[in-house]
Amino acid sequence: MNTPLWTVNRAGQPGAALAECLRAATAAPSIHNSQPWRFRLGHGIEVHADRTRLLPAIDPTGRELMISLGAAILNLRLAILDHGRLPLLRLLPEPTNPDLAARVTIGHPVRPDTTIQTLAAAIPRRHTNRHPFHNTPVPADVLDELHAAADVEGARLARTDPVGRDAILSLVRTADDWQRAEHRYRAELTTWTTTDHTRPDGIPATAFGPHDSLAALPLRDFGLTRPDAPRRTATFEPHPTIVLLSTFGDSPRQWLRAGQALQRVLLTATIRGLAATPMTQPLEYAELRNLLVDTRQGMAAQVILRLGYGPPAAGTPRRPLSEVLASPA
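So, here is what we can say about the structure in this document. (Residues numbered from 1 in each chain as written. Predicted model: local features only at pLDDT ≥ 70, side-chain atom pairs only at ≥ 80, totals over all residues. Heavy atoms only, no water.)

## Overview of the packing of aromatic side chains
- The tally for this structure, following the rule as stated, stands at one aromatic pair.
- Ring geometry for Trp178 against Tyr285: centres 5.0 Å apart, planes inclined by 85°, an arrangement best described as edge-to-face. Taken together, the residues span a long stretch of sequence, with Trp178 in helix H5 (residues 162–180) and Tyr285 in the loop between strand E11 (275–278) and helix H8 (286–289) at a distance of 107 residues.
- In this arrangement the basic side chain of Arg306 is found over the ring face of Phe133, its NZ or CZ atom lying 3.5 Å from the centre. (Phe/Tyr/Trp six-rings, centres within 6.5 Å; stacked < 30°, edge-to-face > 60°. Helix = DSSP H or I, 4+ residues; strand = E, 2+ residues; numbered from the N terminus. Lys NZ or Arg CZ within 6 Å of the ring centre and 35° of its normal.)

## Quick notes on the sheet that holds E11
- Taken in spatial order, the four strands line up as E5-E10-E12-E11 in an open sheet, and their pairing is antiparallel. One side of each edge strand has no neighbouring strand; the edge strands of this open sheet are strand E5 (155–159) and E11. Neighbour-to-neighbour, the strand axes of this sheet turn through a mean angle of 30°, independent of strand direction.
- Judged from the five bridges that link them, E5 and strand E10 (residues 241–248) form a sheet pairing that is antiparallel. Looking at the pairing, Arg156 lines up with Ser246 of E10.
- Across the sheet, helix H4 (residues 140–152) touches E5, E10 and strand E12 (299–308), and the angle it forms with E5 is around 160°. (Pairing = 2+ DSSP bridges. Axes fitted to C-alpha atoms, helices over the stretch in contact; angles between N-to-C directions. Contact = heavy atoms within 4.5 Å.)

## Some words on the layout of surface pockets
- When its volume is computed, the largest pocket comes out at roughly 900 Å³.
- Around the largest pocket, the lining is made up of 47 residues, and of these Pro29, Arg126, His127, Thr128 and Pro278 lie nearest the centre.
- Sorting the residues of the lining of the largest pocket by element identifies helix H2 (63–82), helix H7 (252–271), E11 and E12 as the ones contributing at least two each.
- Taken together, the residues of the lining of the largest pocket sort by class into 25 nonpolar, 16 polar and six charged.
- In this structure, the second largest pocket spans a volume of roughly 280 Å³.
- As for the second largest pocket, its lining consists of 17 residues, of which Arg180, Asp212, Leu217, Pro218 and Leu219 are closest to the centre.
- Breaking the lining of the second largest pocket down by element, the ones donating at least two residues are H5 and strand E8 (211–212).
- Here the element with the most residues in the lining of the second largest pocket is H5; it accounts for four residues. (1 Å grid on protein atoms, 1.4 Å probe; cavity = no way out; pocket = protein on both sides within 12 Å on 5 of 7 lines; lining within 4 Å. Points joined across faces, edges and corners; volume = space filled by probe spheres on them. Nonpolar A, V, L, I, M, F, W, Y, C, P; charged D, E, K, R; others polar.)

## A closer look at the nonpolar core
- In this structure, Phe39, Ile45 and Leu69 are the most contacted members of the largest nonpolar core, which totals 67 residues.
- Tallying contributions element by element places H2 first for this core, with 13 residues. (Core = buried A, V, L, I, M, F, W, Y, C linked by side-chain atoms within 4.5 Å. Buried < 20%, exposed > 50% of the residue type's maximum accessible area, 1.4 Å probe, protein only.)

## Here's the deal with the packing of H2 against H7
- In the contact formed by H2 and H7, the axes pass within 6 Å of each other and the chain directions differ by 55°. By the angle between their directions, the pair H2 and H7 is classed as oblique. When you trace H2 past H7, the crossing you get is right-handed. Side by side, H2 and H7 meet where Arg63, Met66, Ile67, Leu69, Gly70, Ala71, Ile73, Leu74, Asn75, Arg77 and Leu78 of the first sit next to Pro252, Trp255, Leu256, Ala258, Gly259, Gln260, Leu262, Gln263, Arg264 and Leu267 of the second. (Parallel < 35°, antiparallel > 145°, perpendicular 65-115°, else oblique. Left-handed = near helix turned anticlockwise from the far one by under 90°.)

Below is the structure:
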């Protein structure tokens, strides 16, 4: 970091380019918009897990927390490239410090290509969409692009056929029913949903999405414990496009790779005008997640996504950099 744009001053404040890259990192999706990351600046940018933001009811192992960190890492890499520098990434660089998810060093100047510029420009436009989608099929060539995006980051994205789609939706529905009946889940959901428009994290009421009038699509109901939040009722598409993101192996390193692949897929989808909704409830139960493991190829299911074309969705808030920057190393 050898220019003022990339340096950190004596007060620990980042230079202009570095600050923009960090803000891009914080725009990543995270489980319940928990934003479970901390950044430390010094000889590079350290991305740390903030375990105080773990969701123990649905994510006791921290798998989804690490996927969230991976998404932030991908945004950080893209933003650094877009600013004309090469990001040098090391995942889990200190074996004795498992909460240090990554260290990203600012490398030599580079000229970003059009793909990088387009992906970086999509970062602020990407939002989870919990609205009904149109009954317009996702073209095969667009799905191929999403598959290639996952492949770049070492993951696999597979579209389900109608039988597989219905089987996965059945698992989602089962997991959703189980969670709704759990006191710990409902308490956790209450903690991470809000009607306070000034809160900088969690899922605001504006992002809950409408009620499904036919109860046909088992999306996570973020308004479950907030019945007074104003919401409309709508009819959702009967045959959604469902894709499954998997990794070769199932370790914290693979969870971080899954998060990077997920975010590259989501940004590519945004560029192509697609909306996306995670439907990860069955992956939060070991007995259901195991049904989606490909034991022959050693593939572990990490994310279930619903894709389609839909109306614009409201974004969710983000914490300011002052809250996510740790003291310099």
